[in-house]
Amino acid sequence: HNLFLAFKESVNNIVKHAAASEVWIRASGSDGRLDLEIEDNGRGFAFRGRYDLAELIQLGQGPQSLMGRIAALHGQLIVESSQVGSRLNMIVPRER
């Protein structure tokens, strides 16, 4: 349920802020984890580069609510941002 909310929030953020014309979504599961990747061709975040959750927290950058959701799930978040779009990789352990 929490991963679904993270997905929903990511797509809502793209619609509200990215000015993207396309969104690509990839989901998979293996080795006791769920992987969700969301990519768009919008304007990206205010920052440029590739950062993991710990780096985003340290910098005080990134989608704060989404970061909190992924942290609560004991997951990983990697955000890549450029002037031609962004990519979010969310990796969370499967619930037992």
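Look up a bit, the structure's there.
What you see is a predicted model, and the numbers here were worked out from it, not measured in a lab. (Residues numbered from 1 in each chain as written. Predicted model: local features only at pLDDT ≥ 70, side-chain atom pairs only at ≥ 80, totals over all residues. Heavy atoms only, no water.)

Considerations on the sheet that holds strand E1 (residues 23-30)
Here comes step 1: The antiparallel open sheet is built from five strands, whose spatial order is E1-E2-E5-E4-E3. Because the sheet does not close on itself, it has two edges, and the strands there are E1 and strand E3 (49-52). Neighbour-to-neighbour, the strand axes of the sheet open up by a mean angle of 10 degrees, direction not taken into account.
Here comes step 2: The strands touched by helix H3 (residues 64-72) within the sheet are strand E4 (76-82) and strand E5 (85-93), with E5 carrying the most contacts at an inclination of about 25 degrees. (Pairing = 2+ DSSP bridges. Helix = DSSP H or I, 4+ residues; strand = E, 2+ residues; numbered from the N terminus. Axes fitted to C-alpha atoms, helices over the stretch in contact; angles between N-to-C directions. Contact = heavy atoms within 4.5 Å.)

Things to note about the environment of Ile25
Here comes step 1: Its place among the elements puts Ile25 in strand E1.
Here comes step 2: Spatially, the C-alpha atom of Ile25 lies 23 Å from that of Gln61, the residues being 36 residues apart in sequence.
Here comes step 3: Discounting chain neighbours no more than four positions away, the residues touching Ile25 are Phe7, Val11, Leu36, Glu37 and Ile38.

Some words on the pairing of E1
Here comes step 1: As paired elements, E1 and strand E2 (residues 33-40) share eight bridges and run antiparallel to each other. Within E2, the position partnered with Arg26 by the bridge is Glu37.
Here comes step 2: Between the end of E1 and the start of E2, which pair antiparallel, lie two residues, with Asp31 showing a positive phi angle near 50 degrees.

What to know about the side chain of Glu39
Here comes step 1: When you line up the elements, Glu39 lands in strand E2.
Here comes step 2: In terms of polar contacts, Glu39 uses its side chain to reach the side chain of Arg87, at 3.1 Å.
Here comes step 3: Residues in contact with Glu39, not counting those within four places in the same chain, are Glu22, Val23, Trp24, Arg26, Ser86 and Arg87. (Polar contact = N/O pair within 3.5 Å; in protein donor to acceptor, adjacent residues only side chain to side chain.)

Quick notes on the pairing of E4
Here comes step 1: Here four bridges tie E3 to E4, and the two strands are oriented antiparallel to one another. Each residue of the ladder has a partner; that of Arg50, found in E4, is Glu80.
Here comes step 2: Bridging between E4 and E5 involves seven bridges; their strand directions are antiparallel. The residue of E5 that forms the bridge with Gln76 is Ile91.
Here comes step 3: Here E4 hands over to E5 after two residues, the two strands then running antiparallel side by side.

Functional significance is not addressed by these values, which are geometric in nature.
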